[in-house]
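# Chain and residue survey
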Amino acid sequence: MASSLGGAQIRQTFLDFFAARGHKILPSASLVPEDPTVLLTIAGMLPFKPIFLGQQVAEFPRVTTSQKCIRTNDIENVGRTARHHTFFEMLGNFSFGDYFKEQAIAYAWELSTKVFALPPGQVVVSVFEEDDEAFEIWRDQIGVPVTHIKRMGADDNFWVSGPTGPCGPCSELYYDFHPERGADNIDLEDDTRFIEFYNLVFMQYNRDAEGKLTPLQNKNIDTGMGLERMAQILQKVPNNYETDLIFPILKTAADLAVIDYFECDEKTKISLKVIGDHVRSVVHMIADGITASNIGRGYILRRLIRRFVRHGQLIGIEGEFTATVAETAIALSETAYPNVRERADFIKAELKREEAQFLKTLGRGEKLLADVIDRQPSIISGEDAFTLYDTHGFPLELTQEIAAEHGLEVDVAAFEAEMEQQRDRGRGAHAIIDLTAQGALSQLAEQLTPTEFLGYTEPSTASKVTAILVDGKSVAVAEAGNLVQIALDQTPFYAESGGQVGDRGYFSGGDMLVRIEDVKKESGLFIHSGRVERGTINVGDAVTAQIDRACRRRAQANHTATHLLQAALKKLIDESIGQAGSLVAFDKLRFDYNFTRGLTTEELQRIEDQINTWIAEAHDTHTDEMPIAEAKAKGAVAMFGEKYGAQVRVIDVPGVSMELCGGTHVRNTAEIGLFKIVSETGVASGVRRIEAVAGPAVLEYLNVRDAVVRELGDRFKAKPEELTERVTNLQTELKTTQKQLEALKSELALVKSTQLLDQAETIGDFKLVVAELEGVDPVSLQTAAERLLQKLGEGAVVLGSSPEAQKVSLVAAFSPSVIKKGLNAGKFIGGIAKICGGGGGGRPNLAQAGGRDPGKLPEALAQARQQLMGDLI
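Residues numbered from 1 in each chain as written. Predicted model: local features only at pLDDT ≥ 70, side-chain atom pairs only at ≥ 80, totals over all residues. Heavy atoms only, no water.

### So, the overall build of the protein
Here is the rule we go by: Each helix corresponds to a stretch of at least 4 residues labelled H or I by DSSP, and each strand to a stretch of at least 2 residues labelled E; elements are numbered beginning at the N terminus. Only protein chains enter the accessibility calculation, which uses a 1.4 Å probe. A residue is then buried if its area is under 20% of the maximum for its type, exposed if over 50%, and partly exposed in between. Two residues form a contact once any of their heavy atoms are found within 4.5 Å. For every accessible area listed, the method is Shrake-Rupley and the probe measures 1.4 Å; residues are considered covered only by the protein chains on display.
Secondary structure summary: the protein contains 25 helices and 35 strands in total. When its C-alpha atoms are laid out on the principal axes, the protein stretches across 95 × 85 × 55 Å. With 873 residues in all, the protein has 49% of them scored as buried. Taking the contacts inside the protein whose residues are at least 6 apart along the sequence as the reference set, 67% of them involve residues at least 24 apart. Roughly 40300 Å² of accessible area belongs to the protein as shown, and the carbon and sulfur atoms make up 50% of that amount.

### Section: the sheet that holds strand S27 (residues 657–660)
Put simply, the rule is: In this description, strands pair whenever DSSP reports at least two bridges between them. Here the axes come from fitting lines to C-alpha atoms, over the contacting stretch only for helices, and the angles between their N-to-C directions go from 0 to 180 degrees.
Sheet architecture is open: three strands sit in the order S25-S26-S27, paired in antiparallel fashion. Whereas interior strands pair on both sides, the edge strands pair on one side only; in this sheet they are strand S25 (622–627) and S27. Taken over all neighbouring pairs, the strand axes of this sheet differ in orientation by 25 degrees on average, direction set aside. As judged from the four bridges shared by strand S26 (residues 647–653) and S27, these two strands associate in the antiparallel manner. Bridging from a neighbouring strand, Val653 pairs with Ser657 of S27.

### With respect to the packing of aromatic side chains
Between two aromatic rings, the relevant description is the distance of the centres plus the angle of the planes. The condition that has to hold: Within 6.5 Å between ring centres, the rings of Phe, Tyr and Trp (the latter by its six-membered ring) count as paired, and their orientation is classed by plane angle as stacked under 30 degrees, edge-to-face over 60, tilted in between.
Under the defined criterion, the tally for this structure stands at 25 aromatic pairs. Centroid distance Phe453 to Tyr456: 4.9 Å. Interplanar angle 80 degrees. Geometry classified as edge-to-face. Residue classification places Tyr456 among the partly exposed positions, given a relative accessible area of 39%. Relative to Phe507, the ring of Phe493 lies with its centre 5.7 Å away and its plane at 90 degrees, an arrangement referred to as edge-to-face. Here Phe493, found in the loop between strand S17 (490–491) and strand S18 (505–509), pairs with Phe507, found in strand S18; they are 14 residues apart in sequence, far enough to count as distant. Both residues of the pair, Phe493 and Phe507, count as buried. Within the aromatic cluster, the residues linked to one another by ring pairs are Phe14, Phe17, Phe18, Tyr99, Tyr107 and Tyr198.

### Here's the deal with the confidence of the model for the protein
Applicable threshold: Confidence of the predictor at the level of single residues is captured by pLDDT, which takes values from 0 to 100.
The share of residues in the protein with pLDDT of 70 or more is 94%, and the mean pLDDT across the chain is 87. Predicted confidence for residues 425–438 stays below pLDDT 50, and this span has four contacts to residues more than four positions away or in other chains.

### What to know about the packing of helix H8 (residues 266–287) against helix H10 (residues 322–333)
What counts, and what does not: When describing relative orientation, an angle under 35 degrees is termed roughly parallel and one over 145 degrees roughly antiparallel, while 65 to 115 degrees is termed roughly perpendicular and anything else oblique.
Contact geometry of H8 with H10 gives a least axis separation of 9 Å together with a crossing angle of 70 degrees. Judged on the interaxial angle alone, H10 and H8 are roughly perpendicular. Between H8 and H10, the residues in contact are Val279, Val283 and His284 and Val325, Ala326, Ala329, Ile330 and Ser333, respectively.

### Description of the pattern of salt bridges
The following threshold applies: By definition here, a salt bridge exists when the distance from a side-chain nitrogen of Lys or Arg to a carboxyl oxygen of Asp or Glu is within 4 Å.
A complete count under the given rule lists 32 salt bridges for this structure. A salt bridge links Glu700 to Arg554; the nearest nitrogen and oxygen atoms lie 2.4 Å apart. Of this pair, Glu700 sits in helix H20 (residues 696–716) while Arg554 sits in helix H17 (residues 549–572), placing them 146 residues apart in sequence. Note that Lys676 and Glu608 form a salt bridge whose closest N and O atoms lie 3.3 Å from each other.

### Some words on the pairing of S27
Covered by surrounding structure in S27 are Ser657 and Glu659 together with Met658 and Leu660, the residues of both alternating faces. Taken together, S26 and the strand that follows it, S27, pair antiparallel across an intervening segment of three residues, in which Gly655 is found at a positive phi of about 80 degrees.

### Observations regarding unusual backbone geometry
If you check the backbone angles, Val258 has positive phi at about 55 degrees while not being a glycine. In this fold, Val258 is placed in the loop between helix H7 (247–256) and H8. For Val258, a relative accessible area of 73% gives the class exposed. Even without a glycine there, the phi angle at Asp471 is positive, about 55 degrees. By the element assignment, Asp471 lies in the loop between strand S13 (460–470) and strand S14 (473–475). Accessibility expressed as a relative area gives 69% for Asp471, which makes it exposed.

### Description of the sheet that holds strand S31 (residues 766–772)
Spatially, the six strands line up as an open sheet ordered S30-S31-S32-S33-S35-S34, and their pairing is mixed. Of all strands in the sheet, those bounded by a partner on one side alone are strand S30 (761–763) and strand S34 (839–842). In this sheet, adjacent strand axes meet at a mean angle of 20 degrees when their direction is disregarded. In this structure, strand S33 (residues 807–814) lies alongside strand S35 (residues 846–851), joined through six bridges in antiparallel fashion. Within the sheet, the bridge partner assigned to Leu810 lies in S35 and is Ala849. Where helix H24 (residues 825–833) meets the sheet, its contacts fall on strand S32 (795–804), S33, S34 and S35, and the angle it forms with S33 comes to roughly 150 degrees. Set on the sheet, helix H25 (residues 857–872) makes contact with S30, S31, S32 and S33; between it and S31 the angle comes to about 175 degrees.

### Observations regarding a negative patch on the surface
Our working rule: Patch membership is restricted to residues that have no salt bridge and whose relative accessible area is over 30%. Joining uses 9 Å for like charges and 5 Å for the nonpolar side chains Val, Leu, Ile, Met, Phe, Trp and Tyr. All tallies of charge rest on Lys and Arg as positive and Asp and Glu as negative; His and the ends of each chain are not included. Here the site of a charge means NZ on Lys, CZ on Arg, CG on Asp, or CD on Glu.
On the surface, a cluster of negative charge is contributed by Asp155, Asp156, Asp187, Glu189 and Asp191. Inspection of the secondary structure assignment puts Asp191 in the loop between strand S7 (165–176) and strand S8 (194–207).

### So, the nonpolar core
A general feature of soluble globular proteins is that nonpolar side chains tend to end up buried together. What counts here: For this analysis, a nonpolar core means a set of buried residues of the types Ala, Val, Leu, Ile, Met, Phe, Trp, Tyr and Cys, connected via side-chain atoms within 4.5 Å.
Core analysis: the largest hydrophobic core is formed by 105 residues, its most contacted members being Trp138, Phe197 and Tyr198. Of the residues forming this core, the biggest block, 10 residues, is contributed by H8. With near-sequence residues (within four places) excluded, Phe197 lies in contact with Ser112, Leu118, Val123, Leu173, Tyr174, Tyr175, Gly224, Met225, Gly226, Met230 and Ile233. Ranked by size, the runner-up nonpolar core spans 28 residues in total, among them Ala557, Ile577, Phe595 and Ile611.

Shown next, in the form of structure tokens:
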């Protein structure tokens, strides 16, 4: 066996092995995939999926990669097993219609037993039970004993891309940690003895809708070797976490907790392993442009950060620590993935923000959850779990973890029911998107030649109609009134890409006219969406395709202005600022960028002035195509996470900006005219957004503003320069009036509560008041309860109110002697509030709660009275 190879050496050895055998080494793709069906890159083959599906032609027939991947489907097993991870590296060799089964098997065996020097007797292989060809290659050509070749079923050894499409058998290589147990009755499911380290997929069939398998004309190879697993084998450690790929992170976390990993109990080791795994995930996710949020991949990032922060607390790490362990992870990865070092400051800043925010949530949430656990010894209700999530930002997964530590379960079904009600309330605000045409578009893209784009130089072209879709179905002809999607053999229309919207325009020919409103691209096929205004259009027709030149000029001005905006931000604010997204429309532009704070008014003005200066200086723009390495060497800026080919298009405004970009641009900055910033806001943690207008849109924007100022001047009888002072005076008057109104409300509540003294009931040594005060806000209700309890002396006060529609407020105030009887106002009022569809809590002597069903308020107060009468006796 290769002696003590480090993880970095294993990675490089794999790549070098295949490079020497004609494979092109490609860099890892981003964790943010182009494939819209998955949130994250989950497999080494994912970047090549369009090639395997026949939607894209391979640039190289043989490729090898080390692909960073993230999967969270088994997150609960991380740290508890030897090999489960959320982040892992998949070493792969791929053949696109070149070599196939025989050569792939030979390469795998040579690499495993010759280069990595695994003892042949400790390698067991599996094959698909019907794949006699693979079985015979292993047995007859490689020389693997029959006892070490296992036939397995389709669930384990047959790869499919979906219900239909490319598929094929697999062959997997397993390492045997205990060969002394013999070759009889080998069970590859026994993970105490075997570990799968190399998977070979032989993509040789196409499966149709009836399940029939037809041999593919071009057969492909897709393989994957888990780097962490091979490191465990070669470094002879009991699990992946103790390899040099991860253990330094565990060591850093253990040092921060002042403990020794090898002397820890199993529970502490699990926490250290969770930290070691999760920090690798979050470092690479943030480096690839993902920011924490409550949706999509941003939610996955936030969940991972919060999990490892909590495990840090569990092992005794005091204070903030994420940036420290992240630095160790960055140092381990920077050679293979330079972007983690380039974005190290941003990664640490993002982690610090999320950590600080979560520590506040964690403290508050754990306290509230402890109260819930105290009063619900068997199961935590879905309603309580939802309140913790929705009101206090406490994740369901964390509630489940803490509950499990106390031997409790969470009513997840009830939680999901609460979540669904919330979704129902929000669905009215969302437009419905019709995706029914997507399948037909994908099929068309596979069948037709990609559209030739001529729009950089030609505003109109003589084109041929190659396909028409109506209602998502391919048709031969479309007539007036039909909403259509049309493909052409060549087009001047720019398809939506790189943030720039698709062109508008029309197709004409004879008496036919089709108005085009949008253009998108599907695997190289330009899909023109619009309406047939008159006549009919047929597949095969010759048409004139003409863009709307005015719209194109607006898009060009906004797109070049976006480049100038990024250049100004880098020059005036921070050189490390990077693009996080953009929109280039006909009427506006939007630029998202990674930065930790909002810009001041003065900074925004400086940016705007700089851009308008560049526009006035009338810089020519130059467009060139060149190899990507040459473009980067010249300093061209690439959008982070964007996938580029070997040849790239560079837009250069000499001395100002140079970017990789496929969009349309002005020939000279003077064509932009003017630039005006409309707003600067935060859109996610660590991501800011500038919205602006350029060209003709500036005049439209200023006209609207001028009309508003004129109207305000007429209403306030003031000159434009006097409006600010007049509005400020009105705001001051309004605040004074609001304070007076709040004071009157409080006084009214106190008067109402004083009248309740006569209704006080005597129960032994205590006085009890339970009543409703109509229309009293929560603050005034609490003040009234406190004042009433002061006048009662020893006793309890429970007040309820419905200050507005679908809202209930409840307050409980208990005197010291009531608390001594074991009563707690927080726990008491939280239980009562459930009757009204709510919850809440607070201190033992004073607590508030809320609800959503005012109709249940009388029932809730009656229950409170009955319960207290029994408790105070």
